[in-house]
Amino acid sequence: NPPVEDYIENRGITRSWFEPIGFGFAPDSWDGMQSHLSRMGLDRKDAVSLGLLKPRQTGGHYDYFRSRVMIPIRDINGQIVAFGGRIYGQGDPKYLNSPEHALFRKRSVLYGLDAAKDGIKREGFVILVEGYFDQISPRVRGVENVVAPLATSLGTEQVRLLRRFTNDVVTIFDGDEAGLRAARRAIPIFIAEGMEPRCLILTEDKDPDEAINRIGADAFRSMVDEAGSMIDFLLDSVQARHDLRTIGGRNLALEECIPVLREIADSKEGDYLIERFSSRIRVREDRIRQALQSRVNAVKK
């Protein structure tokens with residue numbers, strides 16, 4: 001489909017990369033996949049179980065992916081296990097993944113890891129981004145140690161996958177409230193696996209795809225090299241929002257930190273982390289432990 005090819009190329013991805021990435025297109029049709037599979041003589045039940053077709057309530061089936069730029073999702077060995085589809089034109093949702101099935105569990109796959117694992121070993125760290133094009137755009141520009149979760153919150157299995165290759169992770173977030181929420185969710189998962197991730201906050205661009213297209217690969221690498229601790233990012237944001245010179249400000253800061261502390265207090269690094277939070281938000285360690293215990297007791301009741 002030439003207009004679709006032009007769309008991908010206009011995103012800064014040359015045609016020489018179309019085949020290595022595996023781009024495809026699902027036409028704006030309710031039965032294009034059905035017709036294709038029928039011509040191949042493949043069982044429709046298999047297509048339903050793999051999420052390519054969906055049953056109609058009135059009988060028959062329809063194509064799950066329609067009018068979408070298609071991106072294969074591969075496991076760590078490079079085998080295609082699912083697809084992601086980016087809407088071509090207007091429509092919701094913007095991105096649509098294959099539903100989970102026998103070969104595909106979102107929390108056990110990281111997009112791009114099959115292509116990035118050699119780069120991760122070579123560079124000694126991995127860059128964790130949010131979306132498909134956030135992984136693809138750096139890759140085609142020579143930044144090869146980039147992976148992405150699949151439109152879901154990062155899970156323990158995915159962190160353990162990364163740990164097979166490196167303990168050094170740089171996550172890239174937007175510098176807004178959504179980025180802060182993502183950091184809050186991610187910190188306990190990494191800490192539980194004995195890792196303290198670094199964090200890069202984008203302020204001039206909405207995502208890594210836009211950033212690397214604007215500033216180029218070398219500047220992007222330099223920006224990644226400056227990434228600091230994700231825990232410090234969280235604490236910096238807390239300090240920026242609350243006046244820690246006042247008792248009220250410190251109490252508000254503690255309230256904001258408690259959900260994260262509750263998740264990491266029992267880790268091997270728990271004592272050190274409580275001390276670290278205590279120093280930054282100017283709340284005594286025993287006060288933090290008291291607040292944590294109060295939350296535990298409240299949950300038990």
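None of the values given here were measured: they were computed from a predicted structure. (Residues numbered from 1 in each chain as written. Predicted model: local features only at pLDDT ≥ 70, side-chain atom pairs only at ≥ 80, totals over all residues. Heavy atoms only, no water.)

1. Some remarks on the nonpolar core
How we decide: Within this scheme, the nonpolar core is defined by two criteria: the residues are buried Ala, Val, Leu, Ile, Met, Phe, Trp, Tyr or Cys, and they are joined through side-chain atoms within 4.5 Å. Relative accessible area decides the class of each residue, using a 1.4 Å probe on protein chains only: under 20% of the type maximum gives buried, over 50% gives exposed, and in between gives partly exposed. Working rule for contacts: check all heavy atoms of both residues, and any pair within 4.5 Å makes them a contact.
Formed by 47 residues in total, the largest nonpolar core has its most connected members in Val 147 and Phe 277. With residues up to four places along the chain from it excluded, the contact list for Val 147 reads Leu 110, Tyr 111, Gly 112, Leu 113, Ala 116, Ile 120, Val 126, Ile 127, Leu 128, Val 129, Gln 135 and Leu 162. In this structure, Phe 23, Tyr 132, Leu 150 and Phe 220 belong to the second largest nonpolar core, which totals 35 residues.

2. Concerning the packing of aromatic side chains
Keep this limit in mind: Between the rings of Phe, Tyr and Trp (Trp by its six-membered ring), a pair exists once the centres lie within 6.5 Å; its type follows the angle of the planes, with under 30 degrees stacked, over 60 edge-to-face, and the other angles tilted. Each ring is checked for a lysine NZ or an arginine CZ that lies within 6 Å of its centre and within 35 degrees of its normal; such an atom marks a charge sitting over the ring.
A full pass over the atoms with the stated rule returns 8 aromatic pairs. Ring plane angle 80° and centroid distance 4.9 Å describe the contact between Tyr 64 and Phe 65, whose orientation is recorded as edge-to-face. Clustering of aromatic rings is evident, with ring pairs tying together Tyr 7, Phe 25 and Tyr 88. In this structure, Arg 66 is placed above the aromatic ring of Trp 30, and the distance from its NZ or CZ to the ring centre is 3.8 Å. Seen from the ring of Phe 125, Arg 198 lies directly overhead, with NZ or CZ sitting 5.4 Å from the centre.

3. What about the state of the cysteines?
How we decide: When two cysteine sulfur atoms lie within 2.5 Å, the pair is treated as a disulfide.
All told, the structure shown has 0 disulfides when counted by the stated rule. Among the cysteines around Cys 199, which has no disulfide bond, Cys 257 carries the closest sulfur, lying 15 Å off. When its relative accessible area of 0% is taken as the criterion, Cys 257 is described as buried.

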